[in-house]
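A look at the structure
Next come the chains, spelled out residue by residue.
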Amino acid sequence: MEFTAKQIASFIEGRIEGDENAKINTFAKIEEGVPGAISFLSNPKYTHYIYDTKSSVVLVNDDVELTRPVKATLIRVKNAYECVAKLLQLYQASLPKKTGVSPMAFIAESAKIGKDCYIGAFAYVGDNAEIGDGAQIHPHAVIEDGVKIGSGCMIYPNATIYQGCKLGDNVTIHAGSVIGADGFGFAPNTDGYDKIPQIGIVTIEDNVEIGANTCIDRSTMGTTVIRKGVKLDNLVQIAHNVEVGENTVMSAQVGVAGSTKIGKWCMFGGQVGISGHISIGDKTFLGAQSGVPGNIKGDTTLIGTPPMEPKAYFKTIALSRKLPEMYKQLNELQKQVEELKKTINNGNV
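First, a word on what this report is: a plain description of the structure on this page. Keep in mind that what you see is a predicted model, and the values were worked out from it rather than measured.

The rules we used
- Residues numbered from 1 in each chain as written.
- Predicted model: local features only at pLDDT ≥ 70, side-chain atom pairs only at ≥ 80, totals over all residues.
- Heavy atoms only, no water.
- Core = buried A, V, L, I, M, F, W, Y, C linked by side-chain atoms within 4.5 Å.
- Buried < 20%, exposed > 50% of the residue type's maximum accessible area, 1.4 Å probe, protein only.
- Contact = heavy atoms within 4.5 Å.
- Phe/Tyr/Trp six-rings, centres within 6.5 Å; stacked < 30°, edge-to-face > 60°.
- Helix = DSSP H or I, 4+ residues; strand = E, 2+ residues; numbered from the N terminus.
- Lys NZ or Arg CZ within 6 Å of the ring centre and 35° of its normal.
- Patch = residues over 30% accessible without salt bridge, like charges linked within 9 Å, V, L, I, M, F, W, Y side chains within 5 Å.
- Areas by Shrake-Rupley, 256 points an atom, 1.4 Å probe, with all protein chains shown as cover.
- Salt bridge = Lys/Arg side-chain N within 4 Å of Asp/Glu carboxyl O.
- Pairing = 2+ DSSP bridges.

Before going further, it helps to examine the nonpolar core. Ranked by size, the top nonpolar core spans 50 residues in total, and within it I149, I155, I204, I238, M250 and F268 carry the most contacts. Sequence-distant contacts of F268, defined by excluding residues within four places in its chain, comprise V249, M250, S251, V254, I262, I274, I280, T284 and L286. With 15 residues, the next largest nonpolar core counts A5, I12, I24 and I75 among its residues.

If you walk through the whole model with that rule in mind, you get 6 aromatic pairs. Judged by centre distance (5.2 Å) and plane angle (10 degrees), the rings of F106 and Y124 are stacked. In this pair, F106 sits in strand β9 (residues 106-107) while Y124 sits in strand β12 (residues 124-125), placing the two residues 18 residues apart along the sequence. On the numbers, 5.2 Å between centres and 75 degrees between planes, the contact of Y313 with F314 is edge-to-face. For the cation-ring pair, R68 lies above Y51, with the distance from its terminal atom to the ring centre recorded as 4.0 Å.

In this section: a nonpolar patch on the surface. A contiguous nonpolar patch, built from F184, F186 and Y193 and spanning about 420 Å² of accessible area, is present on the exposed surface. Along the chain, the position of F186 falls in strand β22 (residues 186-189). Classification of F186 as partly exposed rests on a relative accessible area of 38%.

Where strand β18 (residues 160-161) lies against strand β21 (residues 178-181), 2 bridges are found, and the strand directions are parallel. If you follow I161 over to β21, its bridge partner there is I179. Where β21 meets strand β26 (residues 215-217), 3 bridges bridge the pair, whose relative direction is parallel. Considered in β26, the bridge of V178 is made with C215.

Enumeration according to the criterion identifies 6 salt bridges in this entry. The closest approach of N and O atoms between R15 and E17, which form a salt bridge, is 3.3 Å. Overall, E17 belongs to the partly exposed group, its relative accessible area being 31%. Between K29 and E32 there is a salt bridge whose closest N-O contact spans 3.4 Å. K29 gets classed as partly exposed once you look at its relative accessible area, which sits at 48%.

This is the structure:
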């Protein structure tokens with residue numbers, strides 16, 4: 001499909017600088033621009049690319065100041081990153097979607113399949129499962145007995161949703177993810193460990209996206225809950241009985257231990273580790289590799305293990321680099337003190 005700069009500016013409420021009739025038919029990074037492409041500039045580190053980019057149109061923030069003319073047509077907006085996201089969503093929505101059930105898929109007779117669904121080859125849909133209108137179940141996905149999937153969901157290849165779990169509308173589960181595997185529950189005995197049956201489920205609300213190879217465990221009893229709007233990256237582990245609040249996002253390799261409650265609008269960097277049976281308040285922002293052993297009230301930005309304010313953390317890191325030198329100085333001072341004690345004890349002072 002082809003659009004003009006004027007059409008795009010109208011859609012995202014932007015202001016044009018240059019040729020409003022410039023045509024675009026693809027997207028490109030600003031440093032890899034080609035004629036007919038639209039790019040965006042939101043990170044100041046990439047500003048130098050705008051002067052030589054071959055892209056026909058570039059989205060820029062209103063406050064971007066340029067030091068020399070550019071060849072591309074500019075569309076100025078409040079937030080270029082948000083606007084390119086809207087355009088990409090529009091582009092994706094315009095792509096044709098598959099429909100129909102492959103003859104090589106298995107669907108139990110008691111399963112209920114909505115309108116305009118796609119179920120790919122070798123997908124499995126178990127007894128009494130329900131799949132909403134417009135859902136896309138890709139090849140080799142497994143939907144076990146009693147699972148309920150809302151409308152507009154996207155289940156990618158090799159994802160597995162265990163028995164009884166519930167998904168709302170417009171949920172995306174990427175390849176290899178497992179929803180509803182047993183929580184890690186074992187009771188030690190004299191011979192080893194007794195497995196504690198995990199008889200609960202996982203509930204995922206509307207507009208959630210789960211990255212590839214992420215695991216969300218079913219609860220021991222009741223439900224593990226992922227509230228609406230949550231976005232989880234690849235390789236995230238959510239343990240049994242956890243609750244993740246609305247619109248919280250987690251980067252790759254975050255791990256949340258059992259029965260922890262996480263608030264709304266939190267943001268966790270990569271490899272953050274959260275202890276079990278604690279509470280994390282709304283709008284808690286945790287830097288990468290933070291380790292959280294206890295409760296956090298919320299409305300705060302922390303980093304480190306245990307987490308601390310960023311300024312204190314970076315001061316601590318700076319000081320830690322001086323520890324070898326400080327240790328050497330401390331040893332020298334200790335020797336001087338010992339020599340001074342000997343001198344005093346010998347009556348020489």
